[in-house]
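Residues per chain, in single letters:
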Amino acid sequence: MRKLKEFIIEKLILICGLASIFFVVLIFLFLLKEGLAVFKTVGPFKFLFGKSWYPISEPAQLGILPLIFGSLLVTLGAAIISIPVGVGCAVYIAEIAPAKIKEILKAGIELLAAIPSVVLGFVGMITLVPLVKSVFHLPTGLTALSGSIMLAFMAMPTIVSVAEDALYSVPKTYKEGALALGATHWQTIWRVMLPASSSGILAAVMLGIGRVIGETMAVMMITGNAAVMPNSILVPVRTLTATIAAEMGEAVVGSEHYFALFAIGIVLFIISFAINVTADLFLHKRQ
Amino acid sequence: MRNSHRTQNIAFFFLLLATLLIIIPVGLIVVVIIQKGLPAINWQFVSDIPRQGMRTGGIFPAIVGTFYLVSGAILFALPIGLLAAIYLSEYAKENLLTRIIKLAIVNLAGVPSVVYGLFGLALFVVFLKFGASILAGSLTLGIMILPVIITTSREALESVPQSFREVSLSLGASKWQTIRHIVLPNAIPGILTGTILGLGRAAGETAPILFTVAAFYLPRLPKSIFDQAMALPYHLYVISTQVPNVDEKIRYGTAFVLLTLVLFMNLVAIIIRTKFRKKKKW
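Per chain, the residues get numbers from 1 upward, laid out in the order the sequence is written. Key to labels: chains lettered from A, ligands numbered from 1, both in the order written. Where totals are concerned, whole chains, interfaces and linings use all residues; where local detail is concerned, this predicted model gives features only for residues with pLDDT of at least 70, and gives and counts side-chain atom pairs only at 80 or more.

K.L.:
Tell me about the overall build of chain B, and please be specific about residues and values.
P.N.:
When you go through chain B residue by residue, the secondary structure sums to 11 helices and two strands. By definition, residue pairs are in contact when their C-beta atoms, positioned from the backbone, come within 7 Å. Of the contacts made within chain B by residues no fewer than 6 positions apart, 77% connect residues no fewer than 24 positions apart. To qualify as a helix, a DSSP run of H or I must reach at least 4 residues; to qualify as a strand, a run of E must reach at least 2; elements of each kind are numbered from the N terminus.

K.L.:
Explain the overall build of chain A residue by residue, including any values.
P.N.:
When helices and strands are counted, chain A shows 13 helices and two strands. Principal axes of the C-alpha set define a box for chain A whose edges measure 75 × 75 × 35 Å. Here a residue counts as buried when 20 or more other C-beta atoms sit within 10 Å of its C-beta, as exposed when there are 12 or fewer, and as partly exposed otherwise, the C-beta atoms being derived from the backbone. Across the 287 residues of chain A, 51% fall into the buried class.

K.L.:
I'd like a rundown of the environment of Ile104 of chain A, residues and numbers included.
P.N.:
Relative to the assigned elements, Ile104 of chain A resides in helix H5 (residues 99-114). Distance in space between the C-alpha atoms of Ile104 of chain A and Ile93 of chain A is 9.9 Å, their sequence separation being 11 residues.

K.L.:
Give a description of the nonpolar core that names residues and reports values.
P.N.:
Here a nonpolar core is just a set of buried residues of the types Ala, Val, Leu, Ile, Met, Phe, Trp, Tyr and Cys, joined wherever their C-beta atoms sit within 7 Å. Grouped together as the largest cluster of nonpolar side chains are 190 residues, with contacts concentrated most on Val119, Leu151 and Ala163 of chain A together with Leu69 of chain B. For this core, the element with the most residues is helix H3 (residues 60-91) of chain B, which contributes 17 residues. If we skip the residues at most four places from it in the chain, Ala163 of chain A touches Gly86, Val87, Ala90, Gly200, Ile201 and Ala204 of chain A.

K.L.:
Give a description of helix H2 (residues 19-35) of chain A that names residues and reports values.
P.N.:
Residue and element names in this part refer to chain A. Relative to the 24 Å expected for 17 residues at 1.5 Å per residue, H2 spans 24 Å between its end C-alpha atoms, a close match to the ideal helical length. Turning to H2, its buried residues number three or more, namely Ala19, Ser20, Phe23, Val24, Ile27, Phe30, Leu31, Glu34 and Gly35. Projected onto a plane normal to the axis of H2, the buried residues spread over an arc of 140° and lie on a single side. Opposite the packed face of H2, turned more than 90 degrees from it, sit the exposed residues Phe22 and Val25. Between the first and last residue of a helix there are one fewer steps than residues, each counted as 1.5 Å, and that sum is the expected span. Of all possible arcs, the one meant is that of the directions from the helix axis to the C-beta atoms.

K.L.:
Lay out the packing of H5 of chain A against helix H7 (residues 144-168) of chain A in plain terms, naming residues and giving numbers.
P.N.:
Residue and element names in this part refer to chain A. Angles shown run from 0 to 180 degrees and are taken between the N-to-C directions of axes, each axis being a line fitted to C-alpha atoms and, for helices, limited to the stretch in contact. The interhelical angle for the contact between H5 and H7, taken along N-to-C directions, is 140°, at an axis separation of 8 Å. Judged by the angle between their axes, H5 and H7 are oblique. Judged by the sense of rotation from one axis to the other, the crossing of H5 with H7 is left-handed. Where H5 approaches H7, its residues Ile109, Leu112 and Ala113 are matched on the opposing element by Met156, Pro157, Val160 and Ser161. Three classes are used: nonpolar for Ala, Val, Leu, Ile, Met, Phe, Trp, Tyr, Cys and Pro, charged for Asp, Glu, Lys and Arg, and polar for all others, with Gly counted as polar. For the contact of H5 with H7, a count of residues per class yields six nonpolar, one polar and no charged. Should an angle lie under 35 degrees it is considered roughly parallel, over 145 roughly antiparallel, and from 65 to 115 roughly perpendicular; all remaining angles are considered oblique. When the near helix sits turned anticlockwise from the far one by under a right angle, the crossing is termed left-handed; a clockwise turn instead gives a right-handed crossing.

K.L.:
Talk me through the confidence of the model for chain B; I want residue IDs and the actual numbers.
P.N.:
Within chain B, residue pLDDT values average 90, and 98% of them lie at 70 or more. Per the prediction output, this complex has pTM 0.92; the corresponding ipTM is 0.91. For every residue, the pLDDT score states the predictor's confidence, bounded by 0 at the bottom and 100 at the top.

K.L.:
So, the interface of chain A and chain B: which residues are in play, and what are the values?
P.N.:
With 68 residues of chain A at the contact, the number on the chain B side is 68 residues. Looking at the side of chain A that touches chain B residue by residue, the classes come out as 47 nonpolar, 16 polar and five charged.

K.L.:
Run through helix H4 (residues 96-110) of chain B, naming residues and quoting values.
P.N.:
When the terminal C-alpha atoms of H4 of chain B are compared, their 21 Å separation across 15 residues agrees well with the 21 Å that a helix rising 1.5 Å per residue should span. Taken together, the buried positions of H4 of chain B are Ile101, Ala104, Ile105, Val106, Asn107, Leu108 and Gly110 of chain B.

K.L.:
Which residues make up the packing of helix H4 (residues 65-96) of chain A against helix H10 (residues 198-214) of chain A, and what values go with them?
P.N.:
All names here are of chain A. In contact at an axis separation of 10 Å, H4 and H10 are set at 140° when each is read in the N-to-C sense. With respect to H10, the axis of H4 lies oblique. Our pair here, H4 against H10, has a crossing hand that is right-handed. Counted together, Ser71, Thr75, Ala78, Ala79, Ser82, Ile83, Gly86 and Val87 of H4 and Ile201, Val205, Gly208, Ile209, Val212 and Ile213 of H10 form the full contact between these two elements. Taken together, the residues of the contact of H4 with H10 break down into nine nonpolar, five polar and no charged.

K.L.:
Could you give an account of the environment of Gln228 of chain B, naming the residues involved and the relevant values?
P.N.:
With respect to the secondary-structure elements, Gln228 of chain B resides in the loop between helix H9 (207-210) and helix H10 (232-242). Here Gln228 of chain B falls in the partly exposed class, since 19 other C-beta atoms lie within 10 Å of it.

K.L.:
I'd love a proper account of unusual backbone geometry, names of residues and values included.
P.N.:
All names here are of chain A. Backbone geometry places His137, a non-glycine residue, at a positive phi of 50°. Relative to the elements of secondary structure, His137 occurs in the loop between helix H6 (117-135) and H7. According to the C-beta neighbour criterion, His137 is exposed, with 7 such atoms within 10 Å. One non-glycine residue, Asn225, lies in positive phi territory at about 55°.

Right, dumping it as structure tokens:
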């Protein structure tokens, strides 16, 4: 009896162990099931590289290039800001900050990670958007730049914590060796610690960027949502994620528009999958 | 030599600057929301339904909706996540399957939240015909927080020393008895931490509930798990962007309640973790 009970429990544990694989596959299958239907009306090439997104006009124009550009522009801006600041902060926390301050700083970073994205979007709308508007004398502050700044901020917890772990995992002897040879603390960090942890830091950057591409609410609230090809960082843009979030509510289940939004979901899923797998490879290379 | 020290000072200054660039805004955001949100909080605000097109009244239905969603998500995710963590920590061998499971967890954690929304819509709302409902929203959120729960629970289980297991096994206990009576009780604080972090995450997410449960305006409480519901994060989104001329006080008040809820959960998780670390006997 006890044997049977344990047999059942252990099988249950195995099934739950496999649940993550099951859910990842299930998500992908359901995106495919709903999304691939769009290619009956628009070819894959025209879908990815079409320059106009007018999903409810007659006939609907379903080209997501403006949305891809919107996402790329915002992500690029966020990366330029968040990579140096995030890695710098990680180095400061891991190497320079005194023990007590280190704990406070880490708590601050955790706090940032915990703030819901809709709250950050709300704060961005009220503070950042008017600021960008007045600094650059724009008709509206809802621009790609505002989105980049906000997203850079949201990528920080990921970049800082993964990069910090990478720095900690550098063997102590490397650092001691460099210091014993007469290098200053900074020279040790710059010439020894950073190169030795480079694959981990690269993974940190990639995961941060993954977070940025997938971010939805804050971006939808502060980038202005204009689905046109952006020609500068100071104009409103619309990202892939924001398009889904803003339009799915109105799309009729089973319509072209509905299928197209799921197809955008497929694109996002593949991007995040590629980023996570590559980052994971970098993290394992280190060990 | 002097030159290299000057370089070091300059470099360290910039590193400090980078750190402050992150920490100061975080502090400011929290302070501003507390400062402007706290005056909006009174009994009526947290216990009344929204009135006059959400421009006055309270946010009670949104609080209740979030409570239901978070409870549903955890009911779904905790058992599966905990058993998955037990599998990884106690049963899994170093092989390809384990590697794939870990990769799947990483990917599950990386899927954009709005894609979870799409998935929930396709599977729960349309395919399984739950409609936009608390059930569909809870399950979507539950799958989303699964990686958080698995990862933290696994760490907690793995931090229980191997010798504990060996003693138990050598006394004749079976593997499951060892897990049930020795490993799990010692890992409870860590599992609790993970669960609470998962709760906080589920409470704050908006995109996964957009098309699976969230009601724009529903001035009554949901009666069953097949009803739609309001939720705090979606409500904040709605009154910030969709409804014109909402008093700023109400917006800040809603943001304050949501932020307090999420930060409170995180604080509890951190306290449990620190206490546990201090008390650890090994």
